[in-house]
Amino acid sequence: MISAHINEKIAKLVLWISSLTILAILLAIIGFVVMRSIGIINLEFIFSMPRAGGREGGILSMIIGTLCLIAISTTVASPIGIGGGIYLTEYAGEHPLSKIITFGAEWLAGVPSIIFGLFGFAFFVVFLGWGFSILSGGMVLACMILNETIRTTQESIKAVPASYREASYALGATKWQTVSRVVLKSAAPGILTGIILGIGRAAGETAAIMLTVGSFMALPTSLFSSVRPMSLHLYLLAIAEVHPGAIARAFGTATLLVLMVLIVNLSVHTIMRRYTRALR
Amino acid sequence: MLKEWIIEKSLIVAAMVSFVIIAFIIMIVFRAGVPLIAEVGVGNFLFGMDWRPEREIFGIFPMIIGTLLVALFSMLISVPLGILTAIFLAEVAPEIMRNILRPAIELLAGIPSVVYGFVGLMVLVPFIRTHLGPPGFSILAGSIVLAIMALPTIITISEDAIKAVPKSYKEASFAVGATHWQTIKNIILPAARSGILAGVVLGSGRAIGETMAAIMVLGNLPVIPTSVLGPIRTLTANVAMEMAYAPHGPHRQALFATGVVLFIVVSILVVISNRLRRGQ
Amino acid sequence: MKKGMWIPIGIVVLVAIGIGVIIRAVAPQVPPPPLPAVTPQVPLPPLPAGRIVVGGSSSVYVVAVHLAERFMDKHPGVVVETHSVGSTAGIVGAREGTFHIGMASRWLRRDEPGWGLREFVICHDAIAPIVHPNNPVRGLTMKQLKKIFTGEITNWNKVGGENLPITVIIREAGSGTRDAFEEIVHEGIDPVPTLILVGTGGVRAGVAGDPSSISYVASPAVDPTVRALEIDGVKPDAAAVVAGDWAIARPFLFLTMGELSPLEQGFIDFVLGSEGQQMVADEGLVRVD
């Protein structure tokens, strides 16, 4: 029995150590990036244009580029993803189609982002002739975040108690009235978190867009302008620069990207906490 | 009623989109890549040792080996760490640790891959170069970075699998006098095995599909490595680095063909993990 | 799948393609219709507002960015987008219409001249072999250079340096600099690299970070983080290229397809004019006028 007891102690110690290791890794990464960007991040960095190929100035046009991509991808992906999620949970039922579609979404989630990039390059950039543009990049990102939206919509609709629906039907509401006024209303916060997670993913994605948005540093003037989003800017600076000014700006960009993820995660948590409390 | 019909049909359309995207990806990427594989010969393409696009010699065997090696080494690091942390979260962790670890893991999952690659390039590559020998860009550096990136996938899916084990199993084990660790080791882990395996498979899929971090720290040399300190090129890096310099003719086709191989490998992994999770 | 399901799939596909085609039709993507060419003699011809997309070689990009910035300063309302994507992509892009002007840092080869591209040589450039600034080796012979890049010499002590294995860094396939370098230096032998890094900046950063490394870049890209090597006692600079002493030289090309629009004509005229050529020379390149 003593050995079992000691075993127990050792095992728990190992479990603690591995978890603390993961925490330490996270803190080290974030700490390193943030420490190296101190002194570069300020309002001027955020609100001024890059100069000398990114060695001087700020990253305003990159931030705008990222925002443009987010705007396009979420506008395209949200209605489709939410619609798909509603169909799968409320309409499809045990229909064999529902299984196929769910698997399709899962499959889509596993496809490496560079394959999306290849697809986007061949389809949007070359075949449709959109060129290296915000539109091409935004559409590729929309394809990528679609599955996230579908999945969260499904999950949050499933969490709506059946009694809500029954009550609505009892009042004589049609199916769509029930779905739109009762189910969607209570599932809205959950769906919103899906959209926000999609924003986070779109903001950080690099491989899929490096073949579709080009890398032009100026402010975009139309949907067909090429931009250089923050993630791509970070990549290009990281692989191509040793100039101290450029490296400092790369760290600044990295910190802003991490900050974006942090904001996304925080808002998801806040929404979910309110939401689960409201459902109870 | 017409309105209801229209809505239902348009929801079906929305639900079909993810499947249509998959179909489009297959159609477009395969159409561009398969003719070259057919022309070069499946054997020559998959097992060819030389990649010299300028002379139209396309063999991706070193990159297949490279991709698998990096995935394998990264799993050697992340699987033990990930599963232990999942056990910790599901079974051992006090409430406070859980509340710290969960958001930490979500943050780890949300940090863009280009940031991981950047930190790897800034920290790991110089460290390995000075302390373990040049060139620094190496399998070791890549494996560590990809291991960290695969951790969140492994942890979340394994934790779900462990939590899905019925409480009665655990109670029965306690009832016969087993310690907590004995219960975890002998009852819970075997019961959650296929779910954990699904997490590992999906995690290795993530490592195989990762592009940015791979391109930034692996050195991109398409040869079979002789040591973990040597450089390697992955399939994803091959596509990204040469496609960004969009070539034409057979070279472009060969990169799409690389994408085809990558797509097939990852799709197999998705199917396996899907089966495993359903099997639980 | 049930039979009825093909209808929604069909609708999605048709709508997707339809939207694409419509957007393509209204897109300002295709170069604007060719207007009668403006006479280049007129100083600063007033150019219509618009946008031209210039892309290709990452070596040419280094100077093209500056040229484009100056040009845009002179012509408000004109946007010259510059993309660094590699020579081959620049040539293909010019042919396919992705770029109004393609940039290449090597001569066209094999089948490429038959594509109907118009070539403008904007300057010539010396490709400089580069090493880490702390490397004691100051120069090599052409033979040694070839042997290092083809794997015959693998240690710096064979060429008068420290006892350090050489890290040979080369560019990715599709790079004009790599093509030109290998054509001139390698004499048909394949490179035996240690690392392959992406872009002019990529190899420069790689060399700057590794004391045992060697690579090559366009001479304007040599900065204090790396040091250019002398070959057979000659420094890689514009003067040596003009004198014919520097063998590893190649042209920087602008490539266009079909009729030039006034904007494209204007930009090319500017680059080939005295101001553009002065800027080119300031970058350490060999002017063509």
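Note that the coordinates shown come from a computational prediction; the quantities given were computed from them, not determined experimentally.

1. Observations regarding the UniProt feature "domain: ABC transmembrane type-1" (unreviewed entry) in chain A
When the UniProt feature table is mapped to this numbering, "domain: ABC transmembrane type-1" (unreviewed entry) covers residues 63-268 of chain A. Split by type, residues 63-268 of chain A is 79% helix and 0% strand. Its first and last C-alpha atoms lie 22 Å apart.

2. Here's the deal with the UniProt feature "transmembrane region" (unreviewed entry) in chain A
Residues and elements named next belong to chain A. Taking the UniProt record as the reference, the feature "transmembrane region" (unreviewed entry) is found at residues 13-38, 59-87, 107-130, 207-227 and 247-268. With 96% helix and 0% strand, the stretch residues 13-38 has end C-alpha atoms that lie 36 Å from each other. The distance from the first to the last C-alpha atom of residues 247-268 is 32 Å, and the span holds 100% helix and 0% strand.

3. Some remarks on helix 8 (residues 180-191) of chain B
Residue and element names in this part refer to chain B. Taken together, the buried positions of helix 8 are occupied by Trp-181, Ile-184 and Ile-188. Looking straight down helix 8, one finds its buried side chains confined to an arc of 85 degrees; they lie on one side. In helix 8, the exposed residues that point more than 90 degrees away from the buried face are Asn-186 and Pro-190.

4. A short note on the pairing of strand 3 (residues 101-104) of chain C
All names here are of chain C. The two faces of strand 3 match: Ile-101 and Met-103 on one face and Gly-102 and Ala-104 on the other face are all buried. Judged from the three bridges that link them, strand 1 (residues 50-56) and strand 3 form a sheet pairing that is parallel. Bridging across to strand 3, Gly-55 finds its partner in Gly-102. Here strand 3 runs beside strand 11 (residues 249-257); their pairing, made up of three bridges, is antiparallel.

5. A word on the interface of chain B and chain A
Contact residues are listed per partner, giving 67 residues for chain B and 71 residues for chain A. By residue class, the composition of the side of chain B that touches chain A is 49 nonpolar, 15 polar and three charged.

6. Remarks on the environment of B:Gly48
All names here are of chain B. Of note, Gly-48 is situated in the loop between helix 2 (42-47) and strand 1 (51-52). With 17 C-beta atoms packed within 10 Å, Gly-48 lands in the partly exposed category. Sequence-wise, Gly-48 and Ile-157 are 109 residues apart; in three dimensions their C-alpha atoms are separated by 37 Å.

7. Things to note about the environment of C:Glu81
With respect to the helices and strands, the residue C:Glu81 is situated in strand 2 (residues 78-84). It is 4.7 Å that separates the C-alpha atoms of C:Glu81 and C:Val53, two residues lying 28 residues apart in sequence. Residues within four places of C:Glu81 in sequence aside, it is in contact with A:Phe216, A:Ser226, C:Arg51, C:Val53 and C:Val54.

8. What about unusual backbone geometry?
Despite not being glycine, B:Asn220 shows a phi value in the positive range, around 60 degrees. Examined against the element boundaries, B:Asn220 turns out to sit in the loop between helix 10 (212-217) and helix 11 (235-243). The phi torsion at C:Asp232 lies on the positive side, around 50 degrees, for a residue other than glycine. By secondary structure assignment, the location of C:Asp232 is in the loop between strand 10 (230-231) and helix 7 (238-243).

What counts and how
Residues numbered from 1 in each chain as written. Chains lettered and ligands numbered in written order. Predicted model: local features only at pLDDT ≥ 70, side-chain atom pairs only at ≥ 80, totals over all residues. UniProt positions renumbered as here; feature names shortened; annotations may be inferred. Helix = DSSP H or I, 4+ residues; strand = E, 2+ residues; numbered from the N terminus. Buried ≥ 20, exposed ≤ 12 C-beta atoms within 10 Å, placed from the backbone. Arc of directions from axis to C-beta. Pairing = 2+ DSSP bridges. Contact = placed C-beta atoms within 7 Å. Nonpolar A, V, L, I, M, F, W, Y, C, P; charged D, E, K, R; others polar.

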